[in-house]
Amino acid sequence: MSTVLPARDRSEGRHLPLDVEALRRDFPILARKVHGRPLVYLDNAATTQKPESVIEAVAHMYRHSYGNVHRGVHQLSVEATDACEQAREKVRAFVNAAEAREIVFVRGTTEGINLVAQTFGRQRVHEGDEIVITALEHHSNIVPWQLLCDEKKAHLKVLPIDRTGEVRVEELERLLTPRTRLVSVAHVSNALGTLLPVRRIVEIAHARGVPVAIDGAQAVPRLAVDVREIGCDFYAFSSHKMYGPTGVGVLYGREELLEAMPPYQGGGDMISSVTFEKTTWNVLPYKFEAGTPDIAGAIGLGAAVDYLTRIGVENVTAHEEELLDYATRSLSALPGLTVIGTAREKIGVLSFTMAGIHPHDIGTVLDQEGIAIRTGHHCAQPVMEFFGIPATARASLALYNTREEIDALTEGLRKVERMFR
Amino acid sequence: MGELRELYQEVILDHSKRPRNFGELAGANRRAEGYNPLCGDRETVFVRLEDDVLEDIGFRGTGCAISTASASMMTDAVKGRTRAEAEALFECFHRLITGQDGEKERGAPELGKLTVFSGVREFPVRVKCATLPWHTLKAALAGVDRTVSTELTEGPKAESGGG
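Procedures and definitions
- Residues numbered from 1 in each chain as written.
- Chains lettered and ligands numbered in written order.
- Predicted model: local features only at pLDDT ≥ 70, side-chain atom pairs only at ≥ 80, totals over all residues.
- Heavy atoms only, no water.
- Buried < 20%, exposed > 50% of the residue type's maximum accessible area, 1.4 Å probe, protein only.
- Helix = DSSP H or I, 4+ residues; strand = E, 2+ residues; numbered from the N terminus.
- Pairing = 2+ DSSP bridges.
- Phe/Tyr/Trp six-rings, centres within 6.5 Å; stacked < 30°, edge-to-face > 60°.
- Lys NZ or Arg CZ within 6 Å of the ring centre and 35° of its normal.
- Axes fitted to C-alpha atoms, helices over the stretch in contact; angles between N-to-C directions.
- Parallel < 35°, antiparallel > 145°, perpendicular 65-115°, else oblique.
- Left-handed = near helix turned anticlockwise from the far one by under 90°.
- Contact = heavy atoms within 4.5 Å.
- Expected span 1.5 Å × (residues − 1).
- Buried area = accessible area lost by both parts, 1.4 Å probe.
- Salt bridge = Lys/Arg side-chain N within 4 Å of Asp/Glu carboxyl O.
- Polar contact = N/O pair within 3.5 Å; in protein donor to acceptor, adjacent residues only side chain to side chain.
- Disulfide = S-S within 2.5 Å.

A. View of the pairing of strand β12 (residues 249-253) of chain A. Residue and element names in this part refer to chain A. Among the five residues in β12, five count as buried, and that is most of the element. Residues Gly-249, Leu-251 and Gly-253 point to one face of β12 and Val-250 and Tyr-252 to the other, with burial holding for every one of them. Bridge count for strand β6 (residues 103-106) against β12 is four bridges, and the pairing is antiparallel. Residue Ile-103 lies in a different strand from β12, and its bridge partner there is Tyr-252. Pairing geometry for strand β11 (residues 234-238) and β12, over five bridges, is antiparallel. Bridge assignment links Phe-234 to a residue of β12, and that residue is Gly-253.

Following this line, the structure appears as structure tokens:
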């Protein structure tokens, strides 16, 4: 494992927070070529690449300690259970939850939000009630609430954004009514990179007795998240966006709320006793973890937490801030390029359009240069509609990205320009 | 770079910058809207169909270079043809861009200029861009009064999720 010490950036003689060249060697995939060019991976908001330690933790699990959890008296089941619960404890410490039983393993952020909608939501939301989201949400923080509102004849209210992509928090107060049952917001926008003032949102909502759920998918990989400091009631995030395996994610919920909620799915592991007359639910968090969980995924997530902890998430923040600043300056200098999303507080994501050139064509040309970005609506169609565009091109950062890669992107975009103008 | 030049041939770039038959068609008696959720593209195709012949055709909307050029060249290719001929041409075109054609069809004379789209086969995620106007034309000719989506007609070959 690489030792992370501040390195000197030769180009400007400034200290950089991470020794990125050393860190890059932790990620085997970064050594490969795409279309004969070195891979420049800038689609990290979609999913991040995996360090050797995560890949190895998953492989080691299957090679040496694999059994089902919470079931067997045999050694492998005991080892698997221990490893899984250690991972839960690592996640607890990482987001500073009070108790490990407040950490529910789910498939990802999407399932975490659906779990809240289908349990907390169905229990507490009734006809005429209201749920508040913002105008920059990912579809995964819109559609679960629409499904609930349809079922309950409740109303979905939307906190607007301004032209920079900042949420107009001052309007939240006005939007909250005695019928508001929940506020659910992103921590960081996947389409624009806007960092939302979640502490303030929680303060405003709590002052009115309204609980707050947060979609933390884009925040956890790049910001130190402390759920108790934020004061939120639910916080969901995905392993695969924070250098861990796919297929697993986390829903943090305050114990008091989780206790009062009905189960999400029925099955094995979520019960303490079953007769045909009556079934008693298991204790937290198992009440919400029906069926065999993604055991290896959870252990891989634990390894990803270890990796980020070793590096220091605050160093990742500083690195991505520096790089986003550099990328914004480099790309803004290109003729016809417009940055979409110019919030004052912004991290990790650079969405843009080029006059007269469709993002999809930009993506194809860059791909031939070995540069991976995302093009499209980023599962945030209402955001695209707000800005009056069908799509954007989006470069999104990770701890392993470099200025040289941003330079490659800039050069690639010049080529796009030459080709289509 | 070779593959990229194959995809974005000069003819395609030309049609994407200066699309032919662009705009709403006066006197159209068939129309349909096509939608590609992958790139957010929408294209509307207008047809004046008389005695089963596509007497005139136009389109409007926004799209990438591939879908705009495909719409433009499609309108040139099908104008004056019968409905059956237009549909047969689409089948031939579809085989060309998905690489399901044999050697004989690669240069199939009925495809004419449309053979410049053969480079699309090397870019499977872009097939939907090239077929969007054709699916829309088909819907218009069938009198289907709803939006056709490439997700339904071509299957989920590329991303539609993932944040």
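B. Main features of the packing of aromatic side chains. All names here are of chain A. Taken as a whole and assessed by the stated rule, the structure comprises 13 aromatic pairs over all chains. Each ring, one from Phe-386 and one from Phe-387, has its centre 5.1 Å from the other, and the planes form 90°; the classification is edge-to-face. Residue Phe-387 is classed as buried on the basis of its relative accessible area of 13%. Taken together, Phe-27, Tyr-243, Tyr-307 and Tyr-400 form an aromatic cluster joined through their ring pairs. In this structure, Arg-163 packs its charged tip against the face of Phe-386, placed 5.1 Å from the ring centre. The ring of Tyr-326 carries Arg-403 above its face, with NZ or CZ at 4.3 Å from the centroid.

C. Representation of the packing of helix α4 (residues 83-98) of chain B against helix α6 (residues 127-141) of chain B. Residues and elements named next belong to chain B. Two elements in contact, α4 and α6, have axes whose closest approach is 11 Å; the angle formed by their N-to-C orientations is 165°. Judged on the interaxial angle alone, α6 and α4 are roughly antiparallel. The element α4 and its partner α6 pack so that their crossing is left-handed. Contacts from Arg-83, Ala-86, Glu-87, Leu-89, Phe-90, Phe-93, His-94, Ile-97 and Thr-98 in α4 reach Val-127, Ala-130, Thr-131, Trp-134, His-135, Lys-138 and Leu-141 in α6.

D. Representation of α4(B) within the structure. Residue and element names in this part refer to chain B. Taking 1.5 Å as the rise per residue, α4 with 16 residues should run 22 Å; its terminal C-alpha atoms sit 23 Å apart, in good agreement. For α4, every residue scored as buried is listed here: Ala-86, Leu-89, Phe-90, Cys-92, Phe-93, Leu-96 and Ile-97. The positive-phi residue at the C-terminal boundary of α4 is Gly-99, with phi of around 75°.

E. Looking closely at the interface of chain A and chain B. Facing the 25 residues of chain A at the interface are 25 residues of chain B. Carbon and sulfur atoms make up 53% of the area that chain A and chain B hide from each other, which totals about 1900 Å². The tally of links between chain A and chain B comes to one salt bridge. Where A:Asp361 meets B:Arg126, a salt bridge forms, and the shortest distance between an N and an O atom there is 2.9 Å. Linking chain A with chain B are seven residue pairs in polar contact (both at pLDDT 80 or more).

F. How the structure looks around the state of the cysteines. A full pass over the atoms with the stated rule returns zero disulfides over all chains. Sulfur of B:Cys129: no disulfide; nearest cysteine sulfur belongs to B:Cys64 and is 3.9 Å away.

G. Fine view of the environment of A:His206. Residue and element names in this part refer to chain A. With respect to the secondary-structure elements, His-206 resides in helix α7 (residues 198-207). A relative accessible area of 33% places His-206 in the partly exposed class. For His-206, the contacting residues outside a window of four places in its chain are Pro-211, Val-212, Gly-231 and Asp-233.

Function cannot be inferred from these measures alone, as they are strictly geometric.
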